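Summary of the model geometry
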Amino acid sequence: MARHGGGRGWYGKVVGAALGVMLLATGASVWTAQAGDTDDAPPKASAPGKGAAAKPVSAAIAHASEQGKRGVNITIDDGPDLKWTPQMLDLLRQYGAKATFCMVGTQAQAHPDLVKKVVAAGHRLCDHSVSHNTAMDKDSQAYQSKQILDAERMITKASGGVRPMYYRAPGGAFTPYSRKLAASRGMRPLGWNVDTKDFERPGTDAIVATVQRELPNGPTLLFHDAGGDRTQTVEALRRLLPWLKAQGYTFGFPVR
Ligand SMILES: [Zn+2]
């Protein structure tokens, strides 16, 4: 897709920089940061159903799992997509796994039936902006606000009224302003611990190996269900979901 086109190498750098900033900001390991995230999170709200009002949440970037130490958060970005999202939903159902879908506003608007299927299967929604501009942190606050709030509206409309519970900036391009704005709308800023790099199609083996190697970094795993041929992602999940279960992990959601 054009928005992901030639800029992918640069995307990687932005992600790396964003992660670096996160680590520097905490001055400690990701795991230490998670403890802080959990501590300053407000009491957990009940699952926001249809028409539920937005309750403010912490503006700190979340990484930890609601399932605690043996929890793992599967996060799936950039969809929904007619071809790949249904395949991932099938796999998740097969292994009893719940995931968080970070949706691009225009994709949600184009495929409301898929958004409703994601919600009906018990997964959670995450706002991934309207147009997936990985440099949106360099743009004005008015632009950031429009990207976040318009996507929130598009996703909520497509879902039939179920609100996104998280906000993940495209490419990790968060700003203090965008984190606070999302949090004020009940969307916890959402980071990741393991970038599977599935977007670069490194091969199914490489995606699986990355998760197995980097899981000690933290529980939030990043996959994609749109933006090109995601066969490798589907095949990697087909291997990773049973592997994670066998390792004693439970599939959960990021803390709010
Ligand atoms: Zn993305």
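Residues numbered from 1 in each chain as written. Predicted model: local features only at pLDDT ≥ 70, side-chain atom pairs only at ≥ 80, totals over all residues. Heavy atoms only, no water.

Details of the confidence of the model for the chain
For clarity, the threshold we go by: Each residue carries a pLDDT score, the predictor's confidence in it, ranging from 0 to 100. The contact criterion used is simple: two residues touch if any of their non-hydrogen atoms lie within 4.5 Å.
With 79% of its residues at a pLDDT of 70 or more, the chain shows a mean pLDDT of 86. Counting contacts from residues 1-49, a segment whose pLDDT is below 50, to residues more than four positions away or on other chains yields 69 contacts.

Observations regarding the pairing of strand β7 (residues 220-224)
Counted only if it meets this: Per-residue accessibility, obtained with a 1.4 Å probe over protein chains only, is compared with the maximum for each type, and a residue is labelled buried under 20%, exposed over 50%, and partly exposed between these values. Runs of E in the DSSP output that reach at least two residues are strands. Runs of H or I that reach at least four are helices, and both are numbered from the N terminus. For two strands to count as paired, DSSP must find a minimum of two bridges between them.
Of all the five residues making up β7, five are buried; the element is thus mostly covered by neighbouring parts of the structure. Neither face of β7 is left uncovered, since the one carrying T220, L222 and H224 and the one carrying L221 and F223 both have all their residues buried. Judged from the five bridges that link them, strand β1 (residues 71-77) and β7 form a sheet pairing that is parallel. Across the sheet, I74 pairs through a bridge with L221, a residue of β7.

Observations concerning the coordination of the zinc ion
Applied cut-off: A donor here means an N, O or S atom no more than 2.8 Å from the metal, or no more than 3.2 Å when the metal is Na, K or Ca. Since water is not included, a site may seem to lack partners.
The protein atoms that coordinate the zinc ion are D78 (OD), H128 (NE2) and H132 (NE2), at distances of 2.1 Å. Each donor residue of the zinc ion lies on one chain, and together they are spaced D-x49-H-x3-H. Residue D78 is located in the loop between β1 and α3 (84-94), and its partner H132 is located in the loop between β3 (124-127) and α6 (141-159); the two are separated by 54 residues in the primary sequence. When its relative accessible area of 0% is taken as the criterion, D78 is described as buried.

Things to note about the pairing of strand β2 (residues 99-103)
What counts here: When the strands point away from the viewer, a crossover counts as right-handed if the route from the first strand across the helix to the second turns clockwise.
Most of β2 sits out of view: five of its five residues are buried. Covered by surrounding structure in β2 are A99, F101 and M103 together with T100 and C102, the residues of both alternating faces. Relative to β2, β1 runs parallel, the two being bridged by four bridges. The residue bridging D77 from the neighbouring strand is C102, located in β2. Crossover handedness for the path β1 to α3 to β2: right-handed. When β2 meets β3, the two strands line up parallel, connected through four bridges. Each bridged residue has a counterpart across the sheet, and for M103 the counterpart in β3 is D127.

Some points on helix α8 (residues 204-214)
Our working definition: Here the arc refers to the set of directions running from the helix axis out to each C-beta atom.
T204, I207, V208, T210 and V211 are the residues of α8 that are buried. In a view along the axis of α8, the buried residues occupy a sector of 155°, so they form one face of it. When the buried face of α8 is taken as reference, the exposed residues oriented beyond 90 degrees from it are D205 and R213. Next to the buried residues of α8 lie β6 (194-195), β7 and α9 (231-246).

Considerations on the packing of aromatic side chains
Stated formally: Stacked, edge-to-face and tilted labels apply to pairs of Phe, Tyr and Trp rings (six-membered ring for Trp) whose centres lie within 6.5 Å, assigned for plane angles under 30 degrees, over 60, and everything in between, in that order. Placement of a charge over a ring requires the Lys NZ or Arg CZ to be within 6 Å of the ring centre, with the centre-to-atom vector within 35 degrees of the ring normal.
Per the counting criterion, the structure on display carries one aromatic pair. Measuring from centroid to centroid gives 5.6 Å for Y167 and F174, while their planes differ by 90°, and the two rings are edge-to-face. Accessibility classification places Y167 together with F174 in one group, the buried group. A cation over a ring is seen here: R70 above Y249, with NZ or CZ 4.2 Å from the ring centre. Above the face of the F199 ring, R230 is positioned so that its terminal group lies 4.7 Å from the ring centre.

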